Every structure is written in C-alpha cells, then in structure tokens.
Amino acid sequence: MAASSNRITLGPLVAAIDQGTSSTRFLVFNSKTAELLSHHQVEIRQSFPKEGWVEEDPREILQSVYECMERTCEKLTQLNIDISNIKAIGVTNQRETTLVWDRRTGEPLYNAIVWLDLRTQSTVERLISKTPGRNKNHLKHKTGLPISTYFSAVKLRWLLDNVPEVREAVESNRALFGTVDSWLIWCLTGGACGGVHCTDVTNASRTMLFNIHTLNWDPELCRYFGVPMEILPRVRSSSEIYGLMCLGDQSAALVGQMCFQDGQAKNTYGTGCFLLRNTGSKPVMSDHGLLTTVAYKLGRDKPACYALEGSVAIAGAVVRWLQDNLGIIGSSEELEQCAASVGTSYGCYFVPAFSGLYAPYWEPSARGIICGLTQFTNKNHVAFAALEAVCFQTREILDAMNQDSGIPLSQLQVDGGMTSNRLLMQLQADILCIPVVKPSMPETTALGAAMAAGAAEGVSVWSLRSEDLNEATCDKFEPQINPEESELRYARWKKAVQKSMNWETTEPKKYITFYKKTQNIIVFNY
C-alpha cells in the first residue's frame, strides 16, 4: 500500500540521456518538483591515434546509453518507483563530435571524431587562405561561427577525403551523417529498420552547414565544404516528439539554469568550459571572438532563441591530463586537496592549450605551456595553477561577452562536474570579481533536456511558464581578494597566453632524434 501511494504521489516522470565527452548518464526526474530520482553513469574511453587526434567508438557510446538506462531503471524498481510512469526521454549531447554510418547495416564507418580533434588544422588553414583577406570569419554572417577545427563540417570533409568506406557509402547512397544526438536517436528509434534520422537546431547550428537565420541547411555552405545534402539529418525543434527530444549540451544547461530571459547567462565546467548568454529572438554577432549560436527552439511553431557563446577547449580535461599523462594526482578530489594545501601557484602559470585556443582567439596552432617555475615549485603549485587556468579562461570569455553586450554580468551562474570543487568556485569569484552562483542540484544539463522533453506538445507534463518553475537553492561564492590582485594575476597569465600562441609547433625532421636504449647500447633514430 505504501509503495502504491509513493507511485501515485510522484506524478509523471521525465528522463534524460546525457551523452558527454567523458561519460554517459541516464537520469530520471519528477516533472512536478524537478527532483532527481535516480541516475547511472558510465565513462567513455577516448583514443588518441596521433598527436592532436581524438576519437571515440560509436558502438561504445550507444552501449553506454543502453547500460545507463538499464541500471537506472533497476534502481528505480528497487525504490518501488513505477518506470512505466516515464512519459518522455530527452537527449543532450557533446555537440560538434562527428559520425558517419551505413543506413543499411547500421554500422559506423569510422570512429566518432571528437570536437577537440585537431587533424583538420591544415584543411582549415587552406579554407581560410582562399577567403578574401584570409578572413576566418568569412562564413560568420550565415553560421555565427569562425572557420575552425572545432566544428563538424571540416571533420566531415576529412572523412570524405580520407576514409574510403565513407566515400563509397556516400556514392552508393548508404551514408548518414550526424552528431551524437542523431546517431543515438536513429539507433534508439529502430536503426536500419526505420530509425529517425534527425537533429535539432542547436546541434545543427554547430556544424558550419546550417544557416542560423533561416534555420535550415544552407545549400551554399554545403557546396563550400563539398558535403552532399542527402546525408544530412532533418532539422527539428528542441522540444518536439520525434522518438526522443534532443538539445545540445550547452543549450540544455542554459534551459536547466532557467536562463529564458535576454541577458541571462550560465557557465558550464565540463571537459571544456562554455559560457552562454541569452540574446533573445535575434542573433547578435560578436566583435570580440565569441560565437553566435541557436540557444533553443522549444516547439515546432515557437521562435528560435539565440545566444552568444564563449567556448574553452580544456577545463576538466586538464584534470585527466595531470592524472593520466603526468601521474601527479590520482583523482579530481586529490587535485583540489593538492591546490588547497598551498593556496597559491607561487608565480606558476598554466595555459592548457592542448587543442589550440578557442574563444576569443581561435588559434589552432597554440600549444600548452607551464611557465614561472622555480626550484621551489612542486606539484601542488602546478595543481593550483591548473585550477587558476580554468578561471582565467572564463575571465577572458566573460570580458569579451561584456564588451559585446555592453551590460556586464553582475553574477555568474555555474554548473557542470567541476563545480563540486569549492576551491575552484572561490577562485573563479576572486578572478572575476563578481559572485559565482552554483545550484545545489548540479545536473542542470540533463535537467534542461528533461524539461524540453516534458514540455513538448503531446507530452506536456512539464510547464516552462515562469510562474510554474521551481526556484533552485544555490551556493554563492563571493570575491575574497581585492580587484588589484586579481588584475595582476590575470595580466601575468595573459603574458603566458601570448607565449603559447607564438610556440613553434613543428620542427624540421632532421632535428628530431629518438633515443632508444637496447641493452647497453643507445640507438639514435633520425
């Protein structure tokens, strides 16, 4: 009787698939209270076949979704919650990651090329060299984006040029292109047996093939990149029934943070760092290195809402680098402990430009740098410098956003996995000189996807009217240092950024020597 009563009082449930760069999660929310009832998470392996290349296995991504769904439903059953009460599932995903698969067999034709990947740098340089005045913003009037390795079109072009299986599938009308949302929705709605091949406006707006004004694939852009339009998914709104509802991860976080008004903003700290500011129903073009993107379109007949976005390639990924590549920490918790033990970088500055620099520079040739080292410097100072680097990068894109909008933010709403690091949040408030506000329920990306799914016409179990939205409880971090100190530290870090952008990224082959010790003989390979 008690179990039955619990099921009744919960009301309709809405779930979200949150497929990120480093993990997949499946989460179930109560649509009436926004309470997270249960979830499960599975890590995703990344492979690095060559320097600058980042790939993931599409099959592993799909299997991780199945596993997360199965385990979450098991947990709900153990809690005596009726899983048949799940009325809709939303999808939120890493956005620019690019996949091509065979529509007949359902098999991927190559690994997913992750958004961080740099293999298309020469393609980007060639495209820019052909524009009037070598202008990387040549397509920005249509796409809102600079020509960059970050976006899907150049990754797709690489697949067409370098993978025979992809080229042959295109020629025989068997190929389908999509970002991760398209792949998951197609597989989960039947795959080769009638799966729905679609995407939403937020993911489409990150390809460089989509016109953000007409909200359609643009024939001129497709010709520019040599992409056949037949392989592209159908573009839908972000809150519409098409098997599953989808919303790019950063747009989902904007919805989950309830930033529905012009001028509201949020910053998500995940693998990278992404600051989005709602600009309302008209796209605002940036003069300071930011992106113009579709924030959401919450219904087939609803207007699109746009955002200015500052994208940082490396945020949480620096933790994994310190852990896996250098071995100086064992976990993200240990990073916080190491940094807190010294409370300063002691003049050490870190620019984690492992995939070049994104906003506001868009400089793919930049490389990571750690400088200001002395004999006194130890791993704890480097740990502190790594956290500071995340904050300094956010400061750069916030400054650009304030310049573009003309109205400085008075506080910063934050979310994402790194926000559990309280030292990082305090550092961020100190470096920005404004309060940082973190919701007590950190899963705002998945929450946003669930809200969009639950609000879709035909589902309508989640109201997005301002009077019906539950106000979230938050932690607030106030600045604790004087602005002069903040400015001094930021200015020193900016000097390190300039060094990272002037780094010579290639050396003549004749000067590269590989040393290999064989027994007691050192062999030199040229």
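Residues numbered from 1 in each chain as written. Predicted model: local features only at pLDDT ≥ 70, side-chain atom pairs only at ≥ 80, totals over all residues. Heavy atoms only, no water.

As recorded by an unreviewed UniProt entry, the chain carries the name Probable glycerol kinase and is attributed to Salarias fasciatus. Of the chain, the UniProt comment under Sequence similarities (unreviewed entry) reads exactly: "Belongs to the FGGY kinase family." A UniProt comment under Catalytic activity (unreviewed entry) is attached to the chain, and it reads "glycerol + ATP = sn-glycerol 3-phosphate + ADP + H(+)". (UniProt positions renumbered as here; feature names shortened; annotations may be inferred.)

So, about the domain arrangement of the chain. Assigned domains of the chain: these are domain 1 (13-261) and domain 2 (262-525). The straight-line distance from the C-alpha centre of domain 1 to that of domain 2 is 21 Å. On the domain 2 side, the residues contacting the 69 residues of domain 1 number 67 residues. Where domain 1 abuts domain 2, roughly 5700 Å² becomes buried across the two surfaces, and 63% of that area is made up of carbon and sulfur atoms. Taken together, domain 1 and domain 2 are joined by 4 salt bridges. Linking domain 1 with domain 2 are 26 residue pairs in polar contact (both at pLDDT 80 or more), by the criterion used here. Broken down by secondary-structure element, the contributors of at least two residues to the side of domain 1 that touches domain 2 are strand 1 (13-19), strand 2 (23-30), strand 3 (36-43), strand 5 (86-93), helix 4 (140-143), helix 8 (201-204), strand 13 (245-248) and helix 10 (249-256). When residues of the side of domain 1 that touches domain 2 are assigned to their parent elements, the largest contribution, 8 residues, is made by helix 10. Looking at the side of domain 1 that touches domain 2 residue by residue, the class counts come to 32 nonpolar, 25 polar and 12 charged. (Domains from an automatic or database assignment. Contact = heavy atoms within 4.5 Å. Buried area = accessible area lost by both parts, 1.4 Å probe. Salt bridge = Lys/Arg side-chain N within 4 Å of Asp/Glu carboxyl O. Polar contact = N/O pair within 3.5 Å; in protein donor to acceptor, adjacent residues only side chain to side chain. Helix = DSSP H or I, 4+ residues; strand = E, 2+ residues; numbered from the N terminus. Nonpolar A, V, L, I, M, F, W, Y, C, P; charged D, E, K, R; others polar.)

Our next topic: the pattern of salt bridges. Opposite charge on two side chains lets them pair, provided their charged atoms get close. Overall, the coordinates contain 25 salt bridges when judged by the stated rule. As a salt-bridge pair, Glu107 and Arg59 come within 3.1 Å of each other at their nearest N and O atoms. Taken as a pair, Glu107 in the loop between strand 6 (99-102) and strand 7 (112-113) and Arg59 in helix 2 (residues 58-78) lie far apart in primary sequence, 48 residues in all. Residue classification places Glu107 among the partly exposed residues on the basis of a relative accessible area of 38%. Since its relative accessible area comes to 42%, Arg59 is described here as partly exposed. A salt bridge links Glu309 to Arg206; the shortest N-O distance between them is 3.0 Å. Here Glu309, found in strand 17 (residues 305-312), pairs with Arg206, found in the loop between helix 8 and strand 10 (210-211); they are 103 residues apart in sequence, far enough to count as distant. Residue Glu309 shares its accessibility class with Arg206, and that shared class is buried. (Buried < 20%, exposed > 50% of the residue type's maximum accessible area, 1.4 Å probe, protein only.)

Let us now look at the pairing of strand 14 (residues 265-269). Within strand 14, 5 of the 5 residues are buried, leaving the element largely enclosed by the surrounding structure. Going residue by residue along strand 14, you find Ala265, Asn267 and Tyr269 tucked away on one face and Lys266 and Thr268 tucked away on the opposite face as well. Where strand 14 meets strand 15 (residues 273-280), 5 bridges bridge the pair, whose relative direction is antiparallel. Its bridge partner being in strand 15, Lys266 is matched across the sheet by Leu276. The turn joining strand 14 and strand 15, which pair antiparallel and follow one another in sequence, is formed by 3 residues. Of the pairings in the sheet, the one linking strand 14 to strand 20 (residues 412-415) comprises 3 bridges and is parallel in character. Across the sheet, residue Thr268 finds its bridge partner in strand 20, namely Asp415. (Pairing = 2+ DSSP bridges.)

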